[in-house]
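Residues per chain, in single letters:
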Amino acid sequence: KDYQTHIDSVGQDKFDLAYIGPAPYVEMVQAYGQKPLLARQVINGSPVFHGKIIVRKDSPIQSIEELKGKRFVFGDPNSTMGYLMPRYMLEQAGVRAEQLASFKHVSDHMNIVLAVLTGDFDAGAVKEDVFFTQEQRGLRAIATSPPIFDHLFISSKRLPAEKV
């Protein structure tokens, strides 16, 4: 249903196996304690991914610093690349949330792309792979995030050790 439901369901051992992002994993551990770690995701030989802060291709915005006074679209508040990392990137560039003209949360990375493409927002942040698949629709990246560890596969504490 949403990130918080996923965090709570995994934390309460409602699933035997779970796939969870880095920031939700940290939140889940803080609330419910550690779960057995099975593996971390590796894509194209890398256990990390990057995100992009994006604008429309025809936007005059060239840097994060220029986002002061602009409209920014975020993903879910529990999303690593949809919210937490772009907030960090904005703050590192000297742009606090209250210095944005406005901001809004949407449900996923494709809705971020659409909100920027339609001009409803001046900028947003998405995972790099989403950017690369949607770039030709008229997007441009103005910043790349530091490396972020990818998703984890974990198990419930209820599973017997031999199954884990």
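Figured I'd write up the structure that's included with this text.

Each value, and the rule that gives it
- Residues numbered from 1 in each chain as written.
- Predicted model: local features only at pLDDT ≥ 70, side-chain atom pairs only at ≥ 80, totals over all residues.
- Heavy atoms only, no water.
- Helix = DSSP H or I, 4+ residues; strand = E, 2+ residues; numbered from the N terminus.
- Contact = heavy atoms within 4.5 Å.
- Areas by Shrake-Rupley, 256 points an atom, 1.4 Å probe, with all protein chains shown as cover.
- Lys, Arg positive; Asp, Glu negative; His and termini not counted.
- Charge placed at Lys NZ, Arg CZ, Asp CG, Glu CD.
- Buried < 20%, exposed > 50% of the residue type's maximum accessible area, 1.4 Å probe, protein only.
- Salt bridge = Lys/Arg side-chain N within 4 Å of Asp/Glu carboxyl O.
- Polar contact = N/O pair within 3.5 Å; in protein donor to acceptor, adjacent residues only side chain to side chain.
- Axes fitted to C-alpha atoms, helices over the stretch in contact; angles between N-to-C directions.
- Parallel < 35°, antiparallel > 145°, perpendicular 65-115°, else oblique.
- Left-handed = near helix turned anticlockwise from the far one by under 90°.
- Nonpolar A, V, L, I, M, F, W, Y, C, P; charged D, E, K, R; others polar.
- Pairing = 2+ DSSP bridges.
- Phe/Tyr/Trp six-rings, centres within 6.5 Å; stacked < 30°, edge-to-face > 60°.
- Lys NZ or Arg CZ within 6 Å of the ring centre and 35° of its normal.

### Quick word on the overall build of the chain
Thought 1: Assigned secondary structure in the chain consists of five helices and 10 strands.
Thought 2: Principal axes of the C-alpha set define a box for the chain whose edges measure 55 × 35 × 25 Å.
Thought 3: Within the chain, residue pairs in contact and separated by at least 24 positions form 75% of the contacts whose partners lie at least 6 positions apart.
Thought 4: With an accessible surface of roughly 8,600 Å², the chain has 53% of that area assigned to carbon and sulfur atoms.
Thought 5: Once the 19 positive and 19 negative side-chain charges of the chain are each reduced to a mean point, those two points are 1 Å apart.

### Let's talk about the side chain of Arg 140
Thought 1: Turning to its location among the elements, Arg 140 is positioned in strand β8 (residues 139–144).
Thought 2: No salt bridge is formed by the buried Arg 140, whose closest oppositely charged neighbour, Asp 58, lies at an N-O distance of 6.9 Å.
Thought 3: Only 2.5 Å separates the side chain of Arg 140 from the backbone oxygen of Ser 59, close enough to count as a polar contact.
Thought 4: Those residues in contact with Arg 140, other than ones at most four positions away along the chain, are Ile 53, Ile 54, Val 55, Arg 56, Lys 57, Ser 59, Ile 61, Gln 62 and Phe 131.

### Comments concerning unusual backbone geometry
Leave glycine aside and you will find that most residues have negative phi; peptide bonds, for their part, are mostly trans.
Thought 1: For Asp 13, which is not glycine, the phi dihedral falls at a positive 60 degrees.
Thought 2: By the element assignment, Asp 13 lies in the loop between α1 (3–11) and β1 (17–20).
Thought 3: Positive phi values are uncommon outside glycine, yet Asn 44 reaches one of about 50 degrees.

### Some words on the packing of α1 against helix α2 (residues 22–32)
Between two packed helices, what matters for the description is the angle formed by their axes and the separation of those axes.
Thought 1: Closest axis-to-axis distance for the α1/α2 pair is 9 Å, and the angle between their directions is 50 degrees. Classed by the angle they form, the pair α1 and α2 counts as oblique. Handedness of the crossing formed by α1 with α2: right-handed. Every residue of α2 that contacts α1 at Tyr 3, Gln 4, Ile 7, Asp 8, Val 10 and Gly 11 is listed here: Pro 24, Glu 27, Met 28 and Tyr 32.
Thought 2: Grouping the amino acids of the contact of α1 with α2 by side-chain chemistry returns six nonpolar, two polar and two charged.

### Quick notes on the sheet that holds strand β4 (residues 51–56)
Thought 1: Pairing is mixed in the open sheet, where five strands are placed in the order β6-β5-β7-β4-β8. Each edge of the open sheet carries a strand with a single partner, namely β6 (102–105) and β8. For this sheet, the mean inter-axis angle between neighbouring strands, taken without regard to orientation, is 30 degrees.
Thought 2: Along the sheet face, helix α4 (residues 109–117) touches β4, β5 (71–74), β7 (123–127) and β8 and points at about 150 degrees away from the line of β7.

### Quick word on the packing of aromatic side chains
Thought 1: The tally for this structure, following the rule as stated, stands at five aromatic pairs.
Thought 2: Grouped by ring-pair contacts, the aromatic residues Phe 72, Phe 74, Tyr 83 and Phe 103 constitute a single cluster.
Thought 3: Sitting over the ring of Phe 49, Lys 127 keeps its end group 4.5 Å from the ring centre.

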